[in-house]
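# Summary of structural features
Spelled out from the first residue to the last, the chains are:
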Amino acid sequence: MKWLRENLFSGWASSLASVLLLFLLYRTVVGIVDWAFLEAVWRPDAKACRAAEGACWGFIAEKHRFILFGTYPYEEHWRPALAIVVLLAMWAYSLFRWTRRLALLWPCGLALIGVLMWGGVPGLPYVENERWGGLMLTLLLTTFGLACAFPLAIALALARRSSMPVLQGMAVGFIELVRGVPLISLLFMASVMLPLFLPPGVSIDKLLRAQIAMILFASAYLAEVVRGGLQAIPRSQYEMADALGLTYWQKTLHVVLPQALRISVPPLVNTFIGFFKDTSLVLIIGLFDLLSTIKISLNDPAWSGSGVEAYVFAAAVYFVFCFAMSLYSRRLERPSVSR
């Protein structure tokens, strides 16, 4: 009651505004609950959806396999489903336990995901990655992209602060060039222009070309974030490391980088979230991520008019993953976690 009096009902103007906002919130929440739950149609029945006044979640129930797995063979859907479970389990384990086991866990886990998705081993028929899509493709592009871009970004940030002019100039040129063009341009170049420069008979898979473009794009932005963290380290830290007789790499790995990365956690996670959402741009080169499969599903005449439910579902999926990243960044900022 004391908190309510101090924050919501401290005066007649504040009380009037609070009552008005609570009333609007009540009306909004009641309307959303009625539309999304009480009057919604959950079974995949297009006729029932047209007759109902609530949300048509039957569209998601009907198209969920395509939304999650794209055009992956129907009888093999258990493989991408298991791959998603493995990937999310590795993410969850990494959220709470930072140990040396992670250095072994992630390569083994990614290798297992590759075997599940590609197959080509006894008992698992080969599936070309042109048939990958949906949520699985979004998670893979994000995971592999950030896992490869982050070490490259650290190297670029250190090179940009290097005292060697050639190394510094190369890092500055790469970062400014990549940051100066939109991701769509890089994806277009990787998809259309890169094959023209390859020797005859040599080809690179379209998914791999898109992944390389996204890695380069993310590394340039992450490099500037890491450089900002490096610049925030007090000069006294460098002097103390030099006084202890540490080499450049010892000073960098044990003194400078841990502090710089902790300082950079909020902008780093912000970049991660933006990268996760930018995976939807791979549609322009013929890859179908989560948002693309939802758009294609809406072309079915039987489910015309289900656009609101489709994009609400997409927004909910993006929100869950992005909000989880935000919560994790807040956890990393706590001193007890970083030690």
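Structure first, text after, so check above.
Reference entry: report on the structure contained in this document. Sequence positions are assigned chain by chain, starting from 1 and proceeding in written order. Only residues with pLDDT of at least 70 get local features here, since the model is predicted, and only at 80 or more are side-chain atom pairs given and counted; chain-wide, interface and lining totals rely on the full set of residues. The side-chain values count all of the structure's non-hydrogen atoms but skip hydrogen atoms and water molecules.

### Describing the packing of aromatic side chains
Quick reminder of the rule: The rule is short: rings of Phe, Tyr and Trp, with Trp giving its six-membered ring, pair when the centres are within 6.5 Å, and they are stacked under 30 degrees, edge-to-face over 60, tilted in between. Working definition: helices are DSSP H or I runs of at least four residues, strands are E runs of at least two. Numbering for both runs from the N terminus. Partly exposed describes any residue whose relative accessible area lies between the buried limit of under 20% and the exposed limit of over 50%, with all areas from a 1.4 Å probe on protein chains only and scaled to the type maximum. Counting as a charge over the ring demands two things of the Lys NZ or Arg CZ atom: a distance within 6 Å of the ring centre and an angle within 35 degrees of the ring normal.
Applying the stated rule across the entire model yields twelve aromatic pairs. Centroid distance Phe276 to Tyr318: 5.5 Å. Interplanar angle 70 degrees. Geometry classified as edge-to-face. Separated by 42 residues along the polypeptide, Phe276 in helix 13 (residues 265–278) and Tyr318 in helix 15 (residues 307–332) bring together distant segments of the chain. The buried category is assigned to Phe276, whose relative accessible area is 0%. Counting every residue linked through ring pairs, the aromatic cluster contains Trp35, Phe37, Trp42 and Trp57. A cation over an aromatic ring shows up here: Arg179 above the ring of Tyr221, its NZ or CZ 4.9 Å from the ring centre.

### With respect to the side chain of Asp289
Convention followed: When charges are counted, Lys and Arg contribute as positive and Asp and Glu as negative, whereas His and the chain ends are disregarded. We define a salt bridge as a side-chain nitrogen of Lys or Arg found within 4 Å of a carboxyl oxygen belonging to Asp or Glu. Think of a polar contact as two N or O atoms within 3.5 Å of one another; within protein, one of them needs to be a possible hydrogen donor and the other a possible acceptor, and neighboring residues in sequence only count if both atoms come from side chains. Any two residues having at least one pair of non-hydrogen atoms within 4.5 Å are treated as being in contact.
Relative to the helices and strands, Asp289 is located in strand 1 (residues 288–289). Notably, Asp289 is buried but unbridged: the nearest opposite-charge side chain belongs to Lys295, and the N-O separation is 7.4 Å. Within the structure, the side chain of Asp289 is placed 2.6 Å from the side chain of Ser292, a separation counted as a polar contact. Excluding anything up to four places from it in sequence, Asp289 contacts Gly134, Leu137, Thr138, Thr279, Ser280, Val282 and Tyr318.

### Details of the packing of helix 11 (residues 235–243) against helix 12 (residues 248–263)
Here is the rule we go by: All axes are obtained by fitting lines to C-alpha atoms, using only the stretch in contact for helices, and the reported angles, taken between N-to-C directions, cover 0 to 180 degrees. For this classification, under 35 degrees means roughly parallel, over 145 means roughly antiparallel, 65 to 115 means roughly perpendicular, and everything else is oblique. What makes a crossing left-handed is the near helix being turned counterclockwise from the far one by less than a right angle; a clockwise turn instead makes it right-handed.
Helix 12 packs onto helix 11 with a crossing angle of 160 degrees between their chain directions and a minimal axis gap of 11 Å. As far as their axial angle goes, helix 12 and helix 11 are roughly antiparallel. Crossing angle aside, the handedness with which helix 11 passes helix 12 is right-handed. Note on element contacts: helix 12 touches helix 11 through Lys251, Val255, Val256 and Gln259, opposite Gln237, Tyr238, Ala241 and Asp242.

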